[in-house]
Amino acid sequence: MKIARATTGGGEKLYIETYGCQMNVGDTEIIVSIMQDEGYEYTRNIDEADIILVNTCSIRDNAEQRIWGRLKEFQRYKRAKRSLVVGIVGCMAERLKEQLLEKEPIVDIVAGPDSYRDMPKLVQAARAGGKGINVALSQEETYGDIRPVRLDSNGVSAFISIMRGCINMCSYCVVPYTRGIERSRNPETILREARECYEAGYREITLLGQNVNSYRWKNEQGEVCVDFPRLMEMVAAVAPDLRVRFATSHPKDLSDRLIEVMAAHDNICKAIHLPAQSGSTRMLQIMNRKYTREWYLGRIAAIRAAMPDCAITTDLIAGFCTETLEDHADTLSLMREVGYESAFMFKFSMRPNTYAARHLADDVSEEEKTRRLTEIINLQNELSIESNRRDVGKTFEVLIEGHSKRSEAQLCGRTSQNKMVVFDAAEGLGAGNYAKVVITDCSSATLFGKLVKE
Ligand code: SAH
Ligand code: SF4
Ligand code: F3S
């Protein structure tokens, strides 16, 4: 018999918007799980919300500007419903703390990334006419025991957070300040979540962390008993038709052992997201990335030697403090040398309190940052299309995610290399099935193919 537990939500409706990275998407699913347990109901319709939460990102100034704009729009809902509670959660809440309450009076709750278990209490504090604030960072919190409510999932691929925080202290980056110290999640709870996903029909799992390959779980004696390559092996063993991916890895922690494990398992996807940030060793030093251009290229060579078909993608920053034209040229030449399949490319944005803000000058003009970024983007477009053209004529195993956006008569899914493939639908094939597809054509973003009859 199920024993009813007293809850505080009383069916109040919770609406939540998520900005930023996959970690935030995962955190939103944890918040919803915690709130549903307390009797709150999740809604996708903002008009019926009793509580609006915004899960925020601080990585660049424009990410924060977007959220300030959104807060202005919420005033309308607050005017329409006086009892509405508005909460800012996540990285911007952690970065700005009380200042958020001062700057924007419609905000009732400010909750940092380690305080989500407290969410029902914070809502109650706001309901009682006060403000709810908790921005304490934790050294242990991983929400390991909480079953996330998968919200915008396609039912095929799921993300599992395996660690939180970051201690790398890249000089430009706000994450160590907003997410706190690095900590790993108990592998038992990760495996349990992976098995549950598989049983629920998911066929692809992405293990998530800001620096996922420095995952390490220690036993009671304080010895590392499960490191990242070992965890990958354990998750890959859940089922042979469960694909495993990971993001994001830091080049300094990309070990030979990890490459070995990836190469040895067919269901570990042949795709590595390996943010370089810059191709200039001088810039990498100022960024505190802890590797050189040569070392990075050495890692790429090791990946290619073990897995010639492995896709490599990256993040790049244009116009970081003191970047010269020569440094910028080094980034372009690194891109050519590696031949990235795709990249996330950003203009440097100075973040308050980082090492860069305290010690370096933001001395590349906005105009010049834009020019350099445009060059980087144009080059990447060329590289992406070249990479896709190389795939024409090859056959891939595609994990089907559903119908293509354009047509019910077509299916779409991804290759192990994480490239999207669109092909004509066939009877008996749908989301969660694997299909062999030969590539016949491509654009810069998509491969087009047809089923291989077996
Ligand atoms: N932990 C991951 C990614 C963190 S944030 C990693 O280290 O690879 C995602 C990307 O945002 C970073 O890789 C970086 O390219 C970019 N980024 C971080 N801080 C930035 C800043 N201040 N300005 C511009 N881009 C930034
Ligand atoms: Fe930021 Fe560097 Fe940590 Fe990535 S590794 S989150 S860029 S500090
Ligand atoms: Fe943004 Fe925080 Fe992720 S700053 S990128 S939401 S960790």
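Because the structure is predicted, anything quoted here is derived from the model rather than measured.

Turning to helix H12 (residues 325–338), a few remarks are in order. The α-helix advances 3.6 residues per turn, and as a result positions three or four apart in sequence lie on the same side. Between its first and last C-alpha atoms H12 spans 20 Å; for 14 residues at 1.5 Å apiece the expected length is 20 Å, and the two agree. For H12, the secondary structure elements touched by its buried residues are helix H10 (281–286), helix H11 (293–306), strand E15 (311–318) and helix H14 (366–391).

The next thing to look at is the environment of Phe246. In this structure, Phe246 sits in strand E13 (residues 243–247). You can call Phe246 buried: its relative accessible area is 4%. With 148 residues separating them in the primary sequence, Phe246 and Glu98 have C-alpha atoms 35 Å apart. If sequence neighbours within four positions are ignored, Phe246 has contacts with Thr206, Leu207, Val212, Phe228, Met232, Leu258, Met262, Ala271 and Ile272.

Where two aromatic rings form a pair, the distance of their centres and the angle of their planes describe that pair. By the definition in use, this model includes six aromatic pairs. Between the aromatic rings of Tyr172 and Phe320, the centroid separation amounts to 5.9 Å while the plane-to-plane angle is 80°, which identifies the pairing as edge-to-face. Of this pair, Tyr172 sits in the loop between strand E8 (163–164) and helix H6 (175–179) while Phe320 sits in the loop between E15 and H12, placing them 148 residues apart in sequence. A relative accessible area of 0% means that Phe320 is categorised as buried. Through a chain of ring-to-ring contacts, the aromatic side chains of Tyr172, Phe320 and Phe348 assemble into a single cluster. Taking NZ or CZ as reference, Arg76 lies 4.6 Å from the ring centre of Tyr77, over its face. In this arrangement the basic side chain of Arg299 is found over the ring face of Trp295, its NZ or CZ atom lying 5.6 Å from the centre.

Definitions and limits used
- Residues numbered from 1 in each chain as written.
- Chains lettered and ligands numbered in written order.
- Predicted model: local features only at pLDDT ≥ 70, side-chain atom pairs only at ≥ 80, totals over all residues.
- Heavy atoms only, no water.
- Helix = DSSP H or I, 4+ residues; strand = E, 2+ residues; numbered from the N terminus.
- Expected span 1.5 Å × (residues − 1).
- Contact = heavy atoms within 4.5 Å.
- Buried < 20%, exposed > 50% of the residue type's maximum accessible area, 1.4 Å probe, protein only.
- Phe/Tyr/Trp six-rings, centres within 6.5 Å; stacked < 30°, edge-to-face > 60°.
- Lys NZ or Arg CZ within 6 Å of the ring centre and 35° of its normal.

By themselves, these figures tell us nothing about what the structure is for.
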